[in-house]
Amino acid sequence: MSLTTKEMDVLIEKTKELFWLIVTALISVLTPVQNVLVLLFVAFLFNIATGIIADVHANKAKFNLKKAFNAVTQLTFYAACVVFLDYGARLLNEPEIGITAVKWMTYIVVYFYLTNIFKNAKLIYPSNLAIKFIYELLSTEIFERLKNMVGYKPSKHD
């Protein structure tokens, strides 16, 4: 069965309409969380950049496509969760709960990106005390250093 030229034109036109309908629906869902997605993407890019620099210059390793793909899939997962939380809360007529959930999830993800950024920066700039201190603070390693400074020795029960 073959289509006539007129039928093919109608099919192409209907496909274009469907495509733009889907694009418009996606944009309407993404618009309320646009700034959050931009923040996640910027943190992701900065994390990737410091990771590549640390691997290549400090660890003398080659660029690892598998690690990069894994990072992209994680970013996609976070972005999908943001959209799901926001859109789901709006569907349930609870937009404020969705906004709060999206903010908290974004804070958590950006915190871990920031911790990793400073871990990589510590490798890139090993003698920079400010970077080392910020990393220890973010990663809570500072508590270990404080325990050592005050001479805390854990007992068997700790």
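This text follows the structure it describes.
Parameters and conventions
Residues numbered from 1 in each chain as written. Predicted model: local features only at pLDDT ≥ 70, side-chain atom pairs only at ≥ 80, totals over all residues. Heavy atoms only, no water. Helix = DSSP H or I, 4+ residues; strand = E, 2+ residues; numbered from the N terminus. Rg over C-alpha atoms; globule rule 2.2 N^0.38 Å. Buried < 20%, exposed > 50% of the residue type's maximum accessible area, 1.4 Å probe, protein only. Core = buried A, V, L, I, M, F, W, Y, C linked by side-chain atoms within 4.5 Å. Contact = heavy atoms within 4.5 Å. Axes fitted to C-alpha atoms, helices over the stretch in contact; angles between N-to-C directions. Parallel < 35°, antiparallel > 145°, perpendicular 65-115°, else oblique. Left-handed = near helix turned anticlockwise from the far one by under 90°. Nonpolar A, V, L, I, M, F, W, Y, C, P; charged D, E, K, R; others polar. Expected span 1.5 Å × (residues − 1). Salt bridge = Lys/Arg side-chain N within 4 Å of Asp/Glu carboxyl O.

Regarding the overall build of the protein
1) Next: Across its full length, the protein holds six helices and zero strands.
2) Next: Each helix and strand of the protein, ordered N terminal to C terminal, gives the series α-α-α-α-α-α.
3) Next: A compact globule built from 158 residues would reach a C-alpha radius of gyration of about 15 Å, whereas the protein, at 24 Å, exceeds it by more than 25%.
4) Next: Structurally, the protein occupies a C-alpha span of about 85 × 45 × 30 Å along its principal axes.
5) Next: In the protein, buried positions account for 23% of the 158 residues.

Here we look at the nonpolar core
Taken as a class, soluble globular proteins show a tendency for nonpolar side chains to be buried jointly.
1) Next: Within the largest apolar cluster, 14 residues are counted, with the highest numbers of intra-cluster contacts made by Leu40, Val82 and Tyr113.
2) Next: Broken down by secondary-structure element, the contributors of at least two residues to this core are helix H2 (34-58), helix H3 (65-91) and helix H4 (95-124).
3) Next: At five residues, the largest contribution of residues to this core is made by H3.
4) Next: If we skip the residues at most four places from it in the chain, leucine 40 touches Leu75, Tyr78, Val82, Thr106, Val109, Val110 and Tyr113.
5) Next: Core analysis: the next-biggest nonpolar cluster, separate from the first, contains five residues, Phe118, Ile131, Tyr135 and Leu138 among them.

Considering the packing of H2 against H3
1) Next: Viewed as axis vectors pointing N to C, H2 and H3 meet at an angle of 165°, and their least axial separation amounts to 11 Å. The angle between H2 and H3 falls in the class roughly antiparallel. Along this stretch, H2 crosses H3, giving a crossing that reads as right-handed. Together, Val36, Leu37, Leu40, Phe41, Phe44, Ile48 and Asp55 of H2 and Lys67, Ala71, Val72, Leu75, Tyr78, Ala79, Val82 and Val83 of H3 make up the contact between the two elements.
2) Next: Counted by class, the contact of H2 with H3 contains 13 nonpolar, no polar and two charged residues.

Some details on the packing of helix H5 (residues 129-139) against helix H6 (residues 141-149)
A pair of packed helices can be characterised by two numbers: the angle between their axes and the separation between those axes.
1) Next: Where H5 contacts H6, the axes come no closer than 5 Å and their chain directions differ by 100°. When the axes of H5 and H6 are compared, the pair comes out roughly perpendicular. Contact residues: Phe133, Tyr135, Glu136, Leu137 and Ser139 in H5; Glu141, Ile142 and Arg145 in H6.
2) Next: The residue inventory of the contact of H5 with H6, partitioned by class, reads four nonpolar, one polar and three charged.

Let's talk about H4
Helical geometry note: an α-helix holds 3.6 residues per turn, so side chains three or four residues apart project in the same direction.
1) Next: In a regular helix each residue adds 1.5 Å, so 30 residues correspond to 44 Å; H4 covers 42 Å between its end C-alpha atoms and thus fits that length.
2) Next: Three or more residues of H4 are buried, namely Gly98, Val102, Met105, Thr106, Val109, Tyr113, Thr115, Ile117, Phe118, Asn120 and Ala121.
3) Next: The inward-facing, buried residues of H4 contact H2, H3 and H5.

Focus: the pattern of salt bridges
1) Next: Applying the stated rule across the entire model yields three salt bridges.
2) Next: Linking lysine 14 and glutamate 17 is a salt bridge whose minimum nitrogen-to-oxygen distance equals 3.9 Å. A residue pair is termed a helical-turn pair when its members lie 3 or 4 positions apart in one helix, as lysine 14 and glutamate 17 do in helix H1 (residues 5-30) at three residues.
3) Next: The class of glutamate 17 is partly exposed, set by a relative accessible area of 45%.

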